[in-house]
2 protein chains.
Amino acid sequence: MNGAQALIRTLAGCGVEVCFANPGTSEMHLVAALDAVPQMRGVLCLSEGAVTGAADGYGRMTGRPAAALLHLGPGLGNGLANLHNARRAATPLLTLVGDHATYHKRLDAPLESDIDSLARPVSVWVRRSLRAADVAADAADAVAAACAPPGGVATLILPADVSWTEGGEPALPLRPRPPSPVADEVAGSAAKALRTGQPCVILLGGTGMRRPALQAASRIAAATGARLIGEMFPARHERGAGIPAVERLAYLAEFAEQQLAGTRHLILAGARSPVSFFAYPGKPGSLVPEGCQVQVLAGPGDDIDAALVSLADLVACGIAPTAQPAARPALPAGDLTPQTAAAVIGALLPEGAIVSDEAVTSGLFLPAATAGAPAHDWLTLTGGAIGQGLPLAIGAAIACPQRPVIALEADGSAMYTISALWTHAREGLDITTVIFSNRRYAILAMELDRVGAVAGEAARSLLDLSRPPLDFTALAAGMGVPASRAATAEEFAARLGKALAEPGPHLIEALIA
Amino acid sequence: MNGAQALIRTLAGCGVEVCFANPGTSEMHLVAALDAVPQMRGVLCLSEGAVTGAADGYGRMTGRPAAALLHLGPGLGNGLANLHNARRAATPLLTLVGDHATYHKRLDAPLESDIDSLARPVSVWVRRSLRAADVAADAADAVAAACAPPGGVATLILPADVSWTEGGEPALPLRPRPPSPVADEVAGSAAKALRTGQPCVILLGGTGMRRPALQAASRIAAATGARLIGEMFPARHERGAGIPAVERLAYLAEFAEQQLAGTRHLILAGARSPVSFFAYPGKPGSLVPEGCQVQVLAGPGDDIDAALVSLADLVACGIAPTAQPAARPALPAGDLTPQTAAAVIGALLPEGAIVSDEAVTSGLFLPAATAGAPAHDWLTLTGGAIGQGLPLAIGAAIACPQRPVIALEADGSAMYTISALWTHAREGLDITTVIFSNRRYAILAMELDRVGAVAGEAARSLLDLSRPPLDFTALAAGMGVPASRAATAEEFAARLGKALAEPGPHLIEALIA
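Residue numbers restart at each chain and count upward from 1, following the sequence in its written direction. Chain labels run from A onward and ligand labels from 1 onward, assigned in the order the entries are written. In keeping with the model being predicted, local features are shown solely for residues with a pLDDT of at least 70 and side-chain atom pairs are shown and tallied solely at 80 or more, while totals for entire chains, interfaces and linings include all residues. For side-chain calculations, the full set of non-hydrogen atoms in the structure is used, while hydrogens and water are omitted.

(A) Structural context of the overall build of chain A. Under the DSSP-based scheme used, a helix requires at least four consecutive residues in state H or I and a strand at least two consecutive residues in state E, with every element numbered from the N terminus. Regarding its fold elements, chain A presents 20 helices and 18 strands. Only the C-alpha atoms count toward the radius of gyration. The rule for a globule is 2.2 Å times the residue count to the power 0.38. In summary, chain A has a C-alpha radius of gyration of 23 Å against a globular reference of 24 Å for 513 residues, a match within 12%. Projected onto the principal axes, the alpha-carbon positions of chain A cover approximately 65 × 60 × 45 Å. Taken across its 513 residues, chain A has 64% of its residues classed as buried. Contacts are residue-level and defined by heavy atoms, with any inter-residue pair within 4.5 Å sufficient. Of the contacts made within chain A by residues no fewer than 6 positions apart, 80% connect residues no fewer than 24 positions apart. In chain A, 37 side chains carry a positive charge and 46 a negative one; their mean positions are 4 Å apart. Three labels apply to residues, based on accessible area from a 1.4 Å probe with only protein chains included: buried if under 20% of the type maximum, exposed if over 50%, partly exposed otherwise in between. In this tally, Lys and Arg are treated as positive and Asp and Glu as negative; His is ignored, and so are the chain termini. Note on charges: their place is set at NZ of Lys, CZ of Arg, CG of Asp or CD of Glu.

(B) The arrangement of the nonpolar core in detail. As used here, the term nonpolar core means buried Ala, Val, Leu, Ile, Met, Phe, Trp, Tyr and Cys residues forming a set that is joined through side-chain atoms within 4.5 Å. Ranked by size, the top nonpolar core spans 241 residues in total, and within it Leu 7 and Phe 20 of chain A together with Leu 7 and Phe 20 of chain B carry the most contacts. Ranked by residues supplied to this core, first place goes to helix H14 (residues 389-399) of chain B with eight residues. Sequence-distant contacts of Phe 20 of chain B, defined by excluding residues within four places in its chain, comprise Val 43, Val 51, Ala 54, Ala 55, Tyr 58, Ala 66, Ala 67, Ala 68, Leu 69, Ile 394, Gly 395 and Ile 398 of chain B.

(C) Up close: the pairing of strand E3 (residues 67-71) of chain A. Residue and element names in this part refer to chain A. In terms of burial, E3 is largely enclosed, as five of its five residues are buried. Of the two faces of E3, both are covered, the one formed by Ala 67, Leu 69 and His 71 as well as the one formed by Ala 68 and Leu 70. Here the rule is simple: two strands pair whenever DSSP picks up at least two bridges between them. One ladder, built from three bridges, connects strand E1 (residues 18-21) with E3; its direction is parallel. Bridge pairing in E3 places Cys 19 opposite Ala 67. Direction of pairing for E3 relative to strand E4 (residues 93-99): parallel, over a ladder of five bridges. Within E4, the residue paired with Ala 67 across the bridge is Leu 94. Assessed by its sense of winding, the connection that carries the chain from E3 through helix H4 (residues 72-89) to E4 is right-handed. By convention, a crossover is right-handed whenever its connection, traced from the first strand over the helix to the second and viewed with the strands pointing away, goes clockwise.

(D) Main features of the sheet that holds strand E16 (residues 431-437) of chain A. Residues and elements named next belong to chain A. Spatial ordering of the open sheet is given by E9-E14-E13-E15-E16-E18-E17, a layout of seven strands whose pairing is mixed. In the strand order of this sheet, the two ends are held by strand E9 (237-239) and strand E17 (483-486), each with one partner. Each adjacent strand pair in this sheet contributes to an overall mean axis angle of 20°, direction not counted. The sheet contact formed by strand E13 (residues 354-358) and strand E14 (residues 376-379) spans three bridges and is parallel. When the bridges of E14 are listed, Val 355 appears paired with Trp 378. Angles here are taken between N-to-C directions and fall from 0 to 180 degrees, while the axes themselves are lines fitted to C-alpha atoms, restricted in helices to the stretch in contact.

(E) Focus on helix H14 (residues 389-399) of chain A. Most of H14 of chain A is tucked away, with ten of its eleven residues classed as buried. Restricting attention to buried positions, one finds in H14 of chain A the residues Gly 389, Leu 390, Pro 391, Leu 392, Ala 393, Ile 394, Gly 395, Ala 396, Ala 397 and Ile 398 of chain A.

(F) View of the relation of the copies chain B and chain A. Note on the copies: chain B fits chain A at an RMSD of 0.0 Å, the axial shift is 0.0 Å, and the rotation between them is 180°. What the superposition gives is, in effect, a two-fold axis relating one chain to the other. Comparing interface residues between copies, 100% of those in chain B also sit at the interface in chain A, which points to an isologous, same-surface contact. In this comparison the copies share one frame, found by least squares on the C-alpha atoms of residues holding pLDDT of at least 70 in both.

Okay, structure coming up:
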């Protein structure tokens with residue numbers, strides 16, 4: 001068999017079952033190989049940002065890598081922003097980048113570029129296959145690298161002739177590397193801090209935001225009075241009724257400082273030491289309060305669950321976790337605002353929903369409004385590279401076909417990867433997209449003031465999306481997604497209820513006052 | 001004044017008059033500085049591919065750089081594909097990438113990434129400003145680097161605190177470096193080849209595809225019998241009635257081989273030695289025929305015009321150039337096919353039009369159909385990174401507000417940067433977009449066979465854009481661009497004639513049989 005077939009067979013054997021793709025000529029043998037390997041599902045996206053974002057969503061929900069098939073350096077370039085988010089999410093993800101044939105490289109043809117250099121900043125592992133006989137083993141190595149805890153982007157570069165040359169043989173999967181155990185003395189040191197009686201915060205991140213870890217952390221909090229805070233932008237936060245609640249660190253540094261004020265011991269469990277999202281003139285970048293001691297209970301590649309359970313067994317023997325009680329806001333009436341829109345979502349969020357949250361400023365009230373909704377997953381914008389939300393929803397929906405997916409999108413953010421809607425329709429995915437349409441880059445209008453810039457008309461006009469207004473119902477219709485518009489809270493509730501009740505994709509443009 | 005103001009003032013003083021932008025928090029002071037410098041026009045695009053493609057189009061038409069303002073590594077990533085095209089076009093272009101404050105870098109905040117590494121593969125020049133006092137001089141250096149013949153992408157990375165800190169002072173422009181002169185013996189050597197009587201081809205590229213060079217080349221061809229061939233994908237080809245005609249090297253290697261068959265002397269004037277766009281199993285990558293001697297009359301950074309004039313004076317004294325006679329196809333009737341669509345465009349192309357050509361397979365018949373149309377500029381997909389056409393049209397329209405711009409787009413290609421249509425509408429640009437809608441990645445269906453891949457249903461479905469069909473009239477309407485659809489040659493002629501007669505943007509979805 002040729003290299004491409006050996007590659008795809010190897011990936012299927014390693015548990016890679018989905019290939020999100022935007023292929024070109026150099027990848028045609030890889031595409032052709034999909035026919036020979038029915039275990040691998042090819043999913044076409046119309047731009048590479050959708051491909052990589054979808055692979056991120058899939059990896060977040062399954063813990064297994066999807067492949068993201070891209071065309072040469074420019075295809076990788078287009079996919080980099082969502083690979084950046086995947087890197088920050090520590091998502092296992094396998095990027096396959098086609099390249100010119102090995103003997104064609106030196107000719108510097110128009111599409112020639114330095115793929116390797118572009119891949120490195122987002123990848124934990126980069127390799128270029130050079131022979132058909134090697135490509136299967138390279139693929140197995142790539143999957144192992146992507147899956148090494150906590151997970152990461154592995155990039156395999158595939159020259160066209162390596163794909164089309166005969167002499168490939170499938171390779172066996174490598175044994176996955178488990179997360180690193182946390183030494184007893186580390187848990188002991190954290191226990192000591194918790195027993196001081198001084199204000200303690202456990203900052204949770206990575207798998208620390210998932211149910212098993214949250215239950216252990218909740219026991220610790222109940223026993224010691226330590227506060228639990230979640231990292232600012234978790235890859236996947238399991239939350240809602242029945243799961244221990246944890247507030248997330250605020251995006252606005254001034255609020256985050258308040259959350260952490262007075263803390264004497266900061267225990268990191270899967271989270272990194274907290275920093276301000278951006279720098280602001282005259283403000284500190286680190287969010288660790290003066291005089292607060294930081295200790296790492298578990299780093300991102302460590303066994304976070306086991307570390308928290310060990311710590312709980314030390315300080316909270318016999319103490320039960322505290323579950324979030326079920327509670328929903330009442331359906332609101334009147335103007336559609338970020339507040340009332342959040343209340344509608346909280347009132348209607350279905351059991352088992354997966355929320356892809358890129359609502360930006362319009363999402364400020366969502367965490368509180370949905371805290372007591374039926375158990376669900378909340379996926380956030382881990383790397384701050386906008387254009388994640390619609391693609392991420394693709395991957396989540398393909399990973400979990402029985403669960404409803406809700407993409408909450410700002411209008412500005414939606415436009416970076418709007419073509420993802422076409423894949424929502426093509427694959428018949430059960431995704432309800434809500435576009436919070438405030439017709440401006442509202443976050444930049446806020447940040448303009450916060451960084452101390454004095455802006456006049458020319459500057460403000462660069463933050464304005466109202467001339468002409470974007471009509472998201474037309475955009476959705478143009479890509480085969482049924483769409484409607486809501487201008488009041490009642491309309492929004494009616495449209496959202498209907499969309500959630502019907503299978504398949506829908507889009508609601510929420511005109512936010 | 002702060003660094004941002006010093007930067008923008010310096011750029012304006014260097015002749016940079018337009019800043020295409022998709023800014024974020026780190027660039028707010030740069031945005032604010034636009035108000036203080038009315039000579040700098042800010043143009044908002046909704047995604048970075050539109051920003052960089054627009055800057056490319058502007059640079060191709062003016063010979064002066066526009067600024068492309070991007071937000072950190074992910075913003076640069078999204079803009080890389082069109083920067084790749086700009087690099088291949090040798091377009092003078094200034095990329096401004098905001099970054100975290102210098103003191104914030106080490107905290108590895110969520111948006112932190114290795115911007116410098118991402119910039120290098122597409123840039124002739126990369127620098128990171130480190131002090132407000134230096135940024136203006138850095139900007140002047142950047143413009144000089146972008147303008148150094150033949151032109152290129154210069155990337156200046158701007159930490160937020162460098163922008164907001166006081167202590168900047170505008171810097172003076174640097175004297176532009178002229179193209180390198182071509183030595184007399186080089187022209188003499190080419191003359192010797194032309195006088196052998198053996199089959200000679202002059203391969204024109206870069207400014208060699210513009211009127212002055214074409215006139216000199218035409219004299220040489222008339223005097224010596226040498227054939228003129230243009231590079232495969234020129235940045236800007238001046239053509240049409242009154243301008244010496246030159247056929248371009250074919251994309252399909254088998255056709256290109258036929259064009260060059262029998263050539264004994266290949267004289268490069270601004271073009272690179274010809275190579276196949278992609279590699280194909282068992283086919284050579286270089287398109288230079290066996291036994292053909294290649295010589296460089298003028299490289300891309302050389303004075304191509306002067307070299308051709310010198311050569312013409314040696315071998316074609318007293319000979320006049322041959323102008324393309326005016327000729328248009330008749331308006332066709334019946335089915336709308338790539339042939340009849342091309343005839344309609346040839347029949348109606350206005351005087352002075354600028355064509356942004358990303359029609360891919362649907363564009364095969366365009367060169368012949370438009371060869372004798374009134375004089376116009378033809379901008380091609382220089383680097384093969386699709387998603388160029390709609391953004392390039394923005395830049396061309398802003399560069400040449402008195403000229404009609406026509407974007408010829410394949411449906412697949414259009415979707416990578418479809419949000420560019422919003423900027424067409426927002427700026428009221430006189431751009432007529434034609435979407436050749438064949439509802440598939442037709443070029444890949446062709447390439448699948450050409451690379452020898454045997455594809456079944458799963459593979460073919462990844463090249464299919466028909467489920468659901470894209471409705472480009474709805475997409476255009478969603479972004480404020482008036483749109484219509486044509487299913488016959490007559491309808492297409494009527495819609496195109498109307499769109500060309502009205503100012504402002506229009507889109508026509510041409511349903512290609």
